[in-house]
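Take a look at the letters that make up each chain.
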Amino acid sequence: MGIFDYFRQPRQKSANVAKERLQIIVARERAARSGPDYLPAMQQELLQVIRKYVEVDDDAVQMNVDREGDCEVLELNITLPDHEDGTG
Amino acid sequence: MARIVVVTSGKGGVGKTTTSAAIATGLAQRGHRTAVIDFDVGLRNLDLIMGCERRVVYDFVNVINGDANLKQALIRDKRVENLYILPASQTRDKEALTEDGVERVLGEMAEEFDYIICDSPAGIERGALMAAYHADEAVVVTNPEVSSVRDSDRILGILASKTRKVEQGGDPMPGRLLLTRYSPERVERGEMLSIEDVGDILAIDLLGVIPESQAVLNASNAGQPVILDAESDAGQAYDDAVGRFLGEDRPLRFVDVPKRGFFGRLFGG
């Protein structure tokens, strides 16, 4: 990176950081509010089951309930670590 | 029949009481019979902001318990006609606001007044739920700051589910955003969430933007609702918000950095 790039790339403004953080947390909390009451408990138990086999982060299990007409769709996303042997 | 309006925010210290006092005063100035109720049981503050702290004899809980009637407890404002204040109780008993009691008192007041402004306490505990439960609409006071915006979203979730209207199968009450302590200079420098940023996240209609202003502290020091300081930016911004509340078309003011000329930029620092 040359000296001109240094001048061309200002640090990210703190207001933008604030907005991005808010968008993420607000979306997550809205999803938690609108979902069934058992979702958080189910999420924790799934996390425990997965950890029997793979070491994953606390936020590895993401759940989302969508309504399509009369049908409720439970979307489950499990993020596995990049390297299962843990060598990074 | 009165329109019941809750002024709420979730987070404390963002300007709920200042806003309740200003909106109630603005409505009364326009000739609407208006009452403003302090729902913050234990921490009475509206009386100070309205400048009637030494005239409090009976309070909201006294009326609920039947120790006093409404006429005895309501304090008539000395500056603005048609404006009445119902102060909060200083009891430590958080259960003092009973559901039946609040409903009965609001029902009685609804026959006397055009507007009832409910100044909600911070948090999402009993007092806040009681203030919101009977309301027809909400003013959500928010600072352009992460914790305030998050708490406002939380409160909007509660307004969408835990009100009498919703429980009776009606529509959720409309909530409108009042952005307070806004600093156009800091927004321009990228240090503060803009009106658009907060609007994108909360996705509700905008009632008004109140600039960060020295007039607000001066007003509370003196016990004068800031809207009575008609010369001040904050006073005028609240007046605009009251106008919009009543359906008037008022363009936003005090939301842009004043343009400076060449010499201003050269010497302004």
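What counts, and where the lines are drawn
Residues numbered from 1 in each chain as written. Chains lettered and ligands numbered in written order. Predicted model: local features only at pLDDT ≥ 70, side-chain atom pairs only at ≥ 80, totals over all residues. Heavy atoms only, no water. UniProt positions renumbered as here; feature names shortened; annotations may be inferred. Contact = heavy atoms within 4.5 Å. Buried area = accessible area lost by both parts, 1.4 Å probe. Salt bridge = Lys/Arg side-chain N within 4 Å of Asp/Glu carboxyl O. Polar contact = N/O pair within 3.5 Å; in protein donor to acceptor, adjacent residues only side chain to side chain. Nonpolar A, V, L, I, M, F, W, Y, C, P; charged D, E, K, R; others polar. 1 Å grid on protein atoms, 1.4 Å probe; cavity = no way out; pocket = protein on both sides within 12 Å on 5 of 7 lines; lining within 4 Å. Helix = DSSP H or I, 4+ residues; strand = E, 2+ residues; numbered from the N terminus. Buried < 20%, exposed > 50% of the residue type's maximum accessible area, 1.4 Å probe, protein only. Pairing = 2+ DSSP bridges. Expected span 1.5 Å × (residues − 1). Patch = residues over 30% accessible without salt bridge, like charges linked within 9 Å, V, L, I, M, F, W, Y side chains within 5 Å. Areas by Shrake-Rupley, 256 points an atom, 1.4 Å probe, with all protein chains shown as cover. Phe/Tyr/Trp six-rings, centres within 6.5 Å; stacked < 30°, edge-to-face > 60°.

Named according to an unreviewed UniProt entry, chain B is Septum site-determining protein MinD originating from Thioalkalivibrio halophilus. As stated in UniProt under Sequence similarities (unreviewed entry), the record for chain B gives "Belongs to the ParA family. MinD subfamily." For the record of chain B, the UniProt heading Function (unreviewed entry) holds the text "ATPase required for the correct placement of the division site. Cell division inhibitors MinC and MinD act in concert to form an inhibitor capable of blocking formation of the polar Z ring septums. Rapidly oscillates between the poles of the cell to destabilize FtsZ filaments that have formed before they mature into polar Z rings."

Chain A carries the name Cell division topological specificity factor in an unreviewed UniProt entry, which gives Thioalkalivibrio halophilus as its organism. Among the UniProt annotations of chain A, the heading Sequence similarities (unreviewed entry) holds the following wording: "Belongs to the MinE family."

Caption draft 1: How the structure looks around the interface of chain A and chain B. Contact residues are listed per partner, giving twelve residues for chain A and 15 residues for chain B. Buried surface at the junction of chain A and chain B, summed over both partners, amounts to about 1,300 Å²; 56% is from carbon and sulfur atoms. When the area that chain A buries against chain B is broken down by residue, the three leading residues are A:Lys19, A:Leu22 and A:Arg33, summing to 41%. Between the two partners, chain A and chain B, sit four salt bridges. A:Lys19 serves as the salt-bridge partner of B:Asp197, at 3.3 Å between the closest nitrogen and oxygen. Summed over the shared surface of chain A and chain B, the result is seven residue pairs in polar contact (both at pLDDT 80 or more). Residues belonging to the side of chain A that touches chain B are distributed by class as follows: five nonpolar, two polar and five charged.

Caption draft 2: Spatial organisation of the UniProt feature "binding site: ATP" (unreviewed entry) in chain B. Residue and element names in this part refer to chain B. Cross-referencing UniProt, the feature "binding site: ATP" (unreviewed entry) maps to Lys11, Gly12, Gly13, Val14, Gly15, Lys16, Thr17 and Thr18 in the present numbering. Residues from the annotated list that form part of the lining of the largest cavity: Thr18. Excluding residues that lie within four positions of it along the chain, Lys16 makes contacts with Val7, Thr8, Ser9, Lys11, Asp119, Ser120, Pro121, Ala122 and Val141. In terms of polar contacts, Lys16 uses its side chain to reach the side chain of Ser9, at 2.9 Å. Note that Thr18 resides in helix H1 (residues 16-29).

Caption draft 3: Region of the structure containing the pairing of strand E5 (residues 115-119) of chain B. Residue and element names in this part refer to chain B. Most of E5 sits out of view: five of its five residues are buried. The two faces of E5 match: Tyr115, Ile117 and Asp119 on one face and Ile116 and Cys118 on the other face are all buried. In the sheet, strand E1 (residues 3-8) pairs with E5 via five bridges, with the strands oriented parallel. Bridging from a neighbouring strand, Val7 pairs with Asp119 of E5.

Caption draft 4: Broad picture of helix H2 (residues 14-34) of chain A. Here H2(A) is 21 residues long and its end C-alpha atoms lie 30 Å apart, about the 30 Å a rise of 1.5 Å per residue gives. Each element contacted by the buried residues of H2(A) is listed here: helix H7 (146-159) and helix H10 (195-202) of chain B.

Caption draft 5: Structural view of the environment of B:Thr8. Residues and elements named next belong to chain B. Following the sequence through the fold, Thr8 ends up in strand E1. Under the relative-accessibility criterion, Thr8 is labelled buried at 3%. Along the primary structure Thr8 and Val242 are separated by 234 residues, whereas in three dimensions their C-alpha atoms are 16 Å apart. Contacts of Thr8, omitting those with residues within four sequence positions, involve Lys16, Ser120, Val139, Val140, Val141, Ile155 and Leu159.

Caption draft 6: Examining a nonpolar patch on the surface more closely. Together, A:Leu76, A:Ile78 and A:Leu80 make up a nonpolar patch on the protein surface, roughly 240 Å² of accessible area in all. Within the secondary structure layout, A:Leu76 lies in strand E2 (residues 71-78).

Caption draft 7: Just unusual backbone geometry, in detail. Residues and elements named next belong to chain B. Here Asn82, not a glycine, exhibits a phi torsion of approximately 70 degrees, which is positive. Within the secondary structure, Asn82 is located in the loop between strand E3 (75-76) and strand E4 (83-86). By relative accessible area, which is 22% here, Asn82 ends up partly exposed. Although it is not a glycine, Phe254 adopts a positive phi angle of roughly 60 degrees. Mapping Phe254 onto the fold places it in the loop between helix H12 (233-245) and helix H13 (262-267).

Caption draft 8: Representation of the pairing of E2(A) in the model. Residue and element names in this part refer to chain A. Here strand E1 (residues 61-68) pairs with E2 via eight bridges, running antiparallel. Directly across from Asp66, in E2, lies its bridge partner Val73. Joining the antiparallel neighbours E1 and E2 is a turn of two residues, in which Gly69 adopts a positive phi near 65 degrees.

Caption draft 9: Examining the UniProt feature "domain: CobQ/CobB/MinD/ParA nucleotide binding" (unreviewed entry) in chain B more closely. Mapped onto this numbering, the UniProt entry gives "domain: CobQ/CobB/MinD/ParA nucleotide binding" (unreviewed entry) at residues 5-226 of chain B. From the first C-alpha to the last, residues 5-226 of chain B spans 19 Å; its make-up is 41% helix and 18% strand.

Caption draft 10: A look at the packing of aromatic side chains. Residue and element names in this part refer to chain B. Under the defined criterion, the tally for this structure stands at three aromatic pairs over all chains. Summarising the aromatic geometry, the rings of Phe39 and Phe60 are spaced 5.1 Å apart at their centres and angled 80 degrees between planes, so their arrangement reads as edge-to-face. Taken together, the residues Phe39 in the loop between strand E2 (34-38) and helix H2 (46-50) and Phe60 in helix H3 (residues 60-65) connect sequence positions 21 residues apart. The burial state of Phe39 is the same as that of Phe60; both residues are buried. Here the aromatic rings of Tyr115 and Phe245 are separated by 5.9 Å at their centres, their planes lie at 65 degrees, and the arrangement is edge-to-face. Pair noted here: Tyr115 is in strand E5 and Phe245 is in helix H12, with a separation of 130 residues, a long-range link.

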